[in-house]
Amino acid sequence: MTNTISVFQNDLWAILSTTGIILFLLGFFYLESKLFKKYENTWHKGILILFFLLSLVIAFLSVVSVMFIWGYDFKKYLSTTSDDLLLFLEQSLGAIIGSVIAIATAVFVIKLAKLGFRSVGKKSGPLQRRKQTIAKVSMSIIRYFIGILTILIVLSIWGVNVLPALAGLGILGLVIGLGAQKFINDLIAGFFIIFEHHFDVGDKIEVAGFKGDVIDIGLKTTRIKNWKGEIKILANGQINELINFSKNPSIAEVSFGIAYKEDVQKTIDLLTAELPKLKTRFPQIMEDPQVLGVTNLNNSSVDLKVICKTENQTHYGVERALRQLIKEVLDRNHIEIPFPQVVVHNSI
């Protein structure tokens with residue numbers, strides 16, 4: 001009876017201790033996630049790494065503590081593990097060294113390829129975006145090829161006959177290909193996008209209502225980043241219709257209205273004389289601004305339009321400057337810019 005009570009007390013103590021350790025771990029990791037969300041953008045990278053290592057140590061010690069509480073024989077486990085490890089090292093030392101050399105060589109080749117492609121597309125010139133796009137795709141192909149080749153080499157080092165594996169991969173690839181037509185479609189679409197030069201890295205495009213800069217083109221997906229920093233990832237097979245804003249010069253367009261009592265031709269002549277001065281402030285302007293003339297007879301204004309050809313995607317700032325200069329010219333010459341108004345006639 002006494003032994004039964006003693007065993008029950010020991011088991012109860014082990015259960016309570018284990019429960020306490022589990023609750024401590026849950027609380028610690030919950031606190032860790034909160035701190036990471038709050039301070040991951042402000043803490044130094046070294047502090048984050050130390051915090052992560054501390055988490056691993058605490059988790060390891062907690063597991064060891066639970067095993068110790070339940071009477072796990074560490075001495076026997078370490079003795080058996082060390083003997084097995086020594087025997088494994090004696091029998092497989094050559095294969096281990098060969099595998100390490102193969103993996104290290106693969107990593108070296110990939111890093112060397114990255115260094116070789118790093119400077120591609122960094123210079124100024126019309127073909128740099130194209131070169132950068134081809135470099136990114138080539139790097140992706142090299143990474144996949146080196147990875148698969150390294151796996152086959154390591155398998156052959158450990159005595160696996162890779163020839164049947166390659167034949168099996170061919171049959172498996174056919175089976176997967178029949179069930180992964182969408183994936184293959186994305187790859188084919190990616191090749192057509194790159195080699196037919198639909199767009200390059202750095203181009204501004206619009207796809208499915210999302211407009212932004214192309215930051216990455218892969219064999220399967222394309223990443224687009226808009227002005228708010230949002231990134232949209234699109235499968236290449238989904239890019240059926242797009243608008244590329246980076247192929248041709250941009251047009252700055254400003255519409256404004258003047259009162260019906262004002263002299264339209266005088267306004268056009270004043271703006272034609274003043275607007276070309278804007279070119280000295282904005283070297284991206286390719287041609288002098290042009291006043292197209294009257295575009296609409298509105299309810300309370302005569303609407304005119306000014307356009308200006310600029311370098312690609314530089315028209316936003318030019319439009320703002322045009323509006324300001326037009327307002328200054330009209331104010332300086334006492335030309336009224338009307339506000340909406342309604343004229344009421346009394347028939348009595």
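Computed from a predicted structure; not experimentally measured.

*Asks:* Before we go on, may I ask you to explain the pattern of salt bridges in this structure?
*Replies:* Think of it this way: side chains of opposite charge can pair up when their charged atoms draw near. Enumeration according to the criterion identifies 9 salt bridges in this entry. In this structure, lysine 309 engages glutamate 287 in a salt bridge whose closest nitrogen and oxygen atoms are separated by 3.5 Å. A residue pair is termed long-range when its members are at least 10 positions apart, and lysine 309 in strand 8 (residues 302-310) and glutamate 287 in the loop between helix 7 (264-274) and strand 7 (290-297) qualify at 22 residues. On the basis of relative accessible area, glutamate 287 is assigned to the partly exposed category, the value being 36%. Linked by salt bridges that have partners in common, Glu274, Lys277 and Arg332 make up one network.

*Asks:* Explain unusual backbone geometry to me, please; I cannot follow it from the model alone.
*Replies:* Backbone geometry at alanine 208 places phi at a positive 55°, although glycine is not the residue there. For alanine 208, the position within the fold is in the loop between strand 1 (204-207) and strand 2 (210-217). Relative accessible area serves as the criterion here: at 72%, alanine 208 is assigned to the exposed category. Although it is not a glycine, histidine 334 adopts a positive phi angle of roughly 55°. Locating histidine 334 in the fold gives a position in the segment after helix 8 (315-332). When its relative accessible area of 70% is taken as the criterion, histidine 334 is described as exposed.

*Asks:* Hey, could you run me through the packing of aromatic side chains in this one?
*Replies:* To describe a pair of aromatic rings, one takes the distance between the centres and the angle between the planes. Inspection of the entire model under this criterion finds 1 aromatic pair. Ring geometry for phenylalanine 24 versus phenylalanine 28: centroids 6.3 Å apart, planes at 25°, classification stacked. Of this pair, phenylalanine 24 and phenylalanine 28 both sit in helix 1 (residues 2-39), 4 residues apart, roughly one helical turn. Using a relative accessible area of 15% as the deciding quantity, one classes phenylalanine 28 as buried. Sitting over the ring of phenylalanine 245, lysine 211 keeps its end group 4.1 Å from the ring centre.

*Asks:* What is the right way to read the side chain of threonine 310 from this model?
*Replies:* Here threonine 310 is to be found in strand 8. Residue classification places threonine 310 among the buried residues on the basis of a relative accessible area of 0%. Within polar-contact distance, the side chain of threonine 310 engages the side chain of threonine 314 at 3.3 Å. Not counting residues within four places of it along the chain, the set of residues in contact with threonine 310 comprises Pro249, Ser250, Ala252, Gln284, Ile285, Met286, His315 and Val318.

*Asks:* What's the story with the sheet that holds strand 4 (residues 231-235) in this structure? I'm lost.
*Replies:* Paired through their backbone hydrogen bonds, the strands of a sheet run either parallel or antiparallel. Judged by pairing direction, the sheet is antiparallel, and its 5 strands sit side by side in the order 4-3-2-1-5 without closing on themselves. Whereas interior strands pair on both sides, the edge strands pair on one side only; in this sheet they are strand 4 and strand 5 (242-244). With strand direction ignored, the average angle separating the axes of adjacent strands in the sheet is 40°. In terms of strand pairing, strand 1 meets strand 2 through 4 bridges, oriented antiparallel. If you follow glutamate 206 over to strand 2, its bridge partner there is lysine 211.

Definitions and cut-offs
- Residues numbered from 1 in each chain as written.
- Predicted model: local features only at pLDDT ≥ 70, side-chain atom pairs only at ≥ 80, totals over all residues.
- Heavy atoms only, no water.
- Salt bridge = Lys/Arg side-chain N within 4 Å of Asp/Glu carboxyl O.
- Helix = DSSP H or I, 4+ residues; strand = E, 2+ residues; numbered from the N terminus.
- Buried < 20%, exposed > 50% of the residue type's maximum accessible area, 1.4 Å probe, protein only.
- Phe/Tyr/Trp six-rings, centres within 6.5 Å; stacked < 30°, edge-to-face > 60°.
- Lys NZ or Arg CZ within 6 Å of the ring centre and 35° of its normal.
- Polar contact = N/O pair within 3.5 Å; in protein donor to acceptor, adjacent residues only side chain to side chain.
- Contact = heavy atoms within 4.5 Å.
- Pairing = 2+ DSSP bridges.
- Axes fitted to C-alpha atoms, helices over the stretch in contact; angles between N-to-C directions.

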